[in-house]
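One-letter residues, chain by chain:
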Amino acid sequence: MTESAHQDTPEQVEFREHCRTWLAANKPGEPGVRLPLSPLEIMTQEQLDYLQAWQKAAYDAGMIGCDYPVTVGGGSRSDCQRIANEEMKGARTPFLPNVIGLGMAAPTVFYHAQDELKERLLPRLFSGEDIWCQGFSEPGAGSDLASVQTFAERKGDKWLINGHKVWTSLAHFAEWMILLLRTDRSHKYDGLSYFVVPIRSALGNGVTVRPLIKMTGETGFNEVIFEDLEVDDSYRLDELGKGWQVAMTTLLHERGAGDLKTPSAGGMKSKTTHSTTTSSLIDLARNTMRNGRPALEDPLLRDQIMQLIIREAGLGINQRRARVAGLQDHPSRLLLQNKLLASEIAQDIGALALEIAGASASLYLGDSNAPAGGQWPLSYMNSYGMTIAAGTSEVQRNILGERVLGLAKSK
Ligand SMILES: Cc1cc2nc3c(=O)[nH]c(=O)nc-3n(C[C@H](O)[C@H](O)[C@H](O)COP(=O)(O)OP(=O)(O)OC[C@H]3O[C@@H](n4cnc5c(N)ncnc54)[C@H](O)[C@@H]3O)c2cc1C
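Residues numbered from 1 in each chain as written. Predicted model: local features only at pLDDT ≥ 70, side-chain atom pairs only at ≥ 80, totals over all residues. Heavy atoms only, no water.

**Some remarks on the overall build of the protein chain**
Along its length, the protein chain carries 11 helices and 10 strands. Expected size for 411 residues packed as a compact globule is a radius of gyration near 22 Å; at 22 Å, the protein chain falls within 12% of this value. Its C-alpha atoms give the protein chain principal-axis dimensions of roughly 75 × 50 × 50 Å. Each of the 411 residues in the protein chain was classed as buried or not, and the buried ones make up 50%. Sequence separation of at least 24 residues holds for 70% of the intrachain contacts in the protein chain that already meet a minimum separation of 6. Surface summary for the protein chain: the accessible area is close to 19,300 Å², and the carbon and sulfur share equals 53%. Positive and negative side-chain charges in the protein chain, numbering 42 and 49 respectively, have mean positions lying 4 Å apart. (Helix = DSSP H or I, 4+ residues; strand = E, 2+ residues; numbered from the N terminus. Rg over C-alpha atoms; globule rule 2.2 N^0.38 Å. Buried < 20%, exposed > 50% of the residue type's maximum accessible area, 1.4 Å probe, protein only. Contact = heavy atoms within 4.5 Å. Areas by Shrake-Rupley, 256 points an atom, 1.4 Å probe, with all protein chains shown as cover. Lys, Arg positive; Asp, Glu negative; His and termini not counted. Charge placed at Lys NZ, Arg CZ, Asp CG, Glu CD.)

**Some thoughts on the site of the ligand**
In the vicinity of the ligand, 17 residues are found, and the nearest of them are S137, S143, W167, T392 and E394. Here an oxygen atom of the ligand sits 2.7 Å away from a polar atom, N or O, in the side chain of E394. Protein chains shield 67% of the accessible area of the ligand, which is 970 Å² for the free molecule. Elements with a contribution of two residues or more to the shell around the ligand: α10 (375-386) and α11 (393-404). (Near = heavy atom within 4 Å. Polar contact = N/O pair within 3.5 Å; in protein donor to acceptor, adjacent residues only side chain to side chain.)

**What to know about the pairing of strand β4 (residues 176-182)**
The buried fraction of β4 is high, at seven of seven residues. Taken together, the four bridges between strand β1 (residues 132-135) and β4 define a ladder with parallel strand orientation. Within β4, the position partnered with Q134 by the bridge is I178. (Pairing = 2+ DSSP bridges.)

**Some words on α10**
An ideal rise of 1.5 Å per residue puts 16 Å on 12 residues; α10 measures up with 16 Å between its terminal C-alpha atoms. Along α10, the positions that sit buried rather than exposed are Q375, W376, P377, L378, S379, N382 and S383. (Expected span 1.5 Å × (residues − 1).)

**Some points on the packing of helix α9 (residues 333-357) against α10**
At a closest axis distance of 9 Å, the pairing of α9 and α10 adopts a crossing angle of 150°. In terms of orientation, α9 lies roughly antiparallel with respect to α10. Here the hand of the crossing between α9 and α10 comes out left-handed. Contact residues: K339, S343, A346, Q347, I349, G350, A351, A353 and L354 in α9; W376, P377, Y380, S383, Y384 and M386 in α10. (Axes fitted to C-alpha atoms, helices over the stretch in contact; angles between N-to-C directions. Parallel < 35°, antiparallel > 145°, perpendicular 65-115°, else oblique. Left-handed = near helix turned anticlockwise from the far one by under 90°.)

**What to know about the UniProt feature "domain: Acyl-CoA dehydrogenase/oxidase N-terminal" (unreviewed entry) in the protein chain**
According to UniProt, the positions carrying the feature "domain: Acyl-CoA dehydrogenase/oxidase N-terminal" (unreviewed entry) are residues 41-129. Within the segment residues 41-129, helix and strand shares are 60% and 0% respectively, and the terminal C-alpha atoms sit 18 Å apart. (UniProt positions renumbered as here; feature names shortened; annotations may be inferred.)

**Focus on the side chain of D130**
Tracing the backbone through its elements, the reader meets D130 in the loop between α5 (115-127) and β1. Leave out the neighbours within four places in its chain, and D130 touches N98, R124, L125, E175 and W176.

**Thoughts on the pattern of salt bridges**
Here the structure, examined in full by the defined rule, presents 28 salt bridges. Residue R34 pairs with E218 through a salt bridge whose shortest N-O separation is 3.8 Å. A residue pair is termed long-range when its members are at least 10 positions apart, and R34 in the loop between α1 (10-26) and α2 (45-60) and E218 in the loop between β6 (207-212) and β7 (221-232) qualify at 184 residues. For E218, a relative accessible area of 3% corresponds to the buried category. Sharing partners across several salt bridges, the network here consists of D8, R16, R20, D79, R82, E86 and E87. (Salt bridge = Lys/Arg side-chain N within 4 Å of Asp/Glu carboxyl O.)

**Regarding the nonpolar core**
Judged by nonpolar contacts, the single largest core of 78 residues is most densely connected at F126, W132, I161, V196, I199 and F226. Of the residues forming this core, the biggest block, seven residues, is contributed by helix α4 (residues 99-112). Formed by 15 residues, the second largest nonpolar core is a distinct cluster that contains L301, L315, L352 and W376. (Core = buried A, V, L, I, M, F, W, Y, C linked by side-chain atoms within 4.5 Å.)

**A look at the packing of α1 against helix α3 (residues 81-90)**
The geometry of α1 relative to α3 is characterised by a closest axis approach of 10 Å and an angle of 30° between their N-to-C directions. It follows from the interaxial angle that α1 and α3 lie roughly parallel. The interaxial crossing formed by α1 with α3 has right-handed handedness. Packed against α1, whose contacting residues are Q12, F15, R16, C19, R20 and L23, the element α3 presents R82, I83, A84, E86, E87 and M88 at the interface.

**Description of the packing of aromatic side chains**
As enumerated under the stated definition, the model contains 12 aromatic pairs in all. Between W159 and F195 the ring centres are 5.8 Å apart and the planes differ by 75°, which places this aromatic pair in the edge-to-face class. Placement of W159 in strand β3 (residues 158-165) and of F195 in strand β5 (residues 192-198) is noted, with a sequence separation of 36 residues between them. Under the relative-accessibility criterion, W159 is labelled buried at 3%. For F195, a relative accessible area of 0% corresponds to the buried category. In this structure an aromatic cluster arises from ring pairing among Y59, Y68, F110, Y111 and F126. It is R185 that lies over the ring of F151; its NZ or CZ is 3.7 Å from the centre. (Phe/Tyr/Trp six-rings, centres within 6.5 Å; stacked < 30°, edge-to-face > 60°. Lys NZ or Arg CZ within 6 Å of the ring centre and 35° of its normal.)

**Some remarks on helix α8 (residues 299-321)**
With 23 residues, α8 should reach 33 Å at 1.5 Å per residue; the first-to-last C-alpha distance of 33 Å fits that figure. Of all the residues in α8, the buried ones are L301, I305, L308, L315 and N318. Those residues of α8 hidden inside the fold are in contact with α7 (278-287), β9 (289-290) and α9.

**Let's talk about the environment of Q337**
Of note, Q337 is situated in helix α9. A relative accessible area of 24% means that Q337 is categorised as partly exposed. When the C-alpha atoms of Q337 and A390 are compared, they prove to be 13 Å apart, with 53 residues separating the residues in sequence.

Written out as structure tokens, the structure is:
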């Protein structure tokens, strides 16, 4: 029984049973290709096809968008996404590829778009048929997001967009982008407006997507260049000049707050995926020989692993606290702590794994002699992105210090 099953309402009991039965019969088999560590590194059409087919099947079975109204393609259920997530995680399903769509675009569109637009966009977003990306960051606007310069100039009931977005995950497969733009240069915050933009149909005709290569050799994010892209005013969300407020809805949900739960990232463990946890670290230490003995027998190393186990257990407790209604006095207090802890622990686990593997840590994917198929150096390098994406560790600490604890502002 999962942690929360004993609190289920009769509707939730029935729904949980449905999820469990369906997953037992329909969980997808091993993919024929290597899957990336997260949706942010999907590179090939084969990877996407496998993951999109899984998302569509899970949507058709009623496990995605459960708490959204039926009119926008949801299930009109009450607090059932949480249950679907627990069951998908327990069944170790693959992750859902439309991660930006589900976690950020869906709640933003739901709260800020006109009914006709929501009804048109959300069903294909939930099913994963339309992949979404997020056009916020620019070369001169990352942590200081309100400095966005990509500009939309009004032309009657159309807008002409020019500018440069960067680090745009999944733009190479995306049909749609959530886009934060400047519509007035004389006001920093009130000069921003928020649009949804069909980018795929405009490729080569106002939109250029250029993949950026990560130090892992993967291409998960991109530069996106807008040159005189014409967009209809009906794609604007909320009022002109209210882009900052709309962006806050996106960021609140990106951090896991907000009342609409994001569908699960799954929990698949298979030959083709890898988990950055202390239990995989212990496996590595058990199977790596050091001075003629398994590395796990080295007392100094055992101590380092124990320190990480303690931090990981602390994170687990904090994640449970984030689900307790009475502890949500500030919308992002526990969520920001958890993002910070999870990304930094993963980085430290990766660093210790490379130390354990020693010289063989230099063997990478595709090398049959590489420990764990070369996934450790891959996850270690990718872990650096996780302490930057969705706000850097420094910025999370600033927010926790200034807005949660009320400390004096940094200069
Ligand atoms: C894997 C990955 C995926 C991403 N996907 C997307 C995406 O899909 N869409 C999108 O729009 N963006 C995406 N991003 C971009 C991400 O949001 C930005 O990288 C992030 O907000 C930081 O901005 P920046 O890179 O411009 O760094 P900067 O803001 O230039 O920061 C540089 C350094 O200065 C520090 N710093 C900045 N301000 C402060 C301050 N006030 N106090 C202390 N230190 C400070 C930062 O911590 C950092 O170390 C992604 C990034 C990564 C790594």
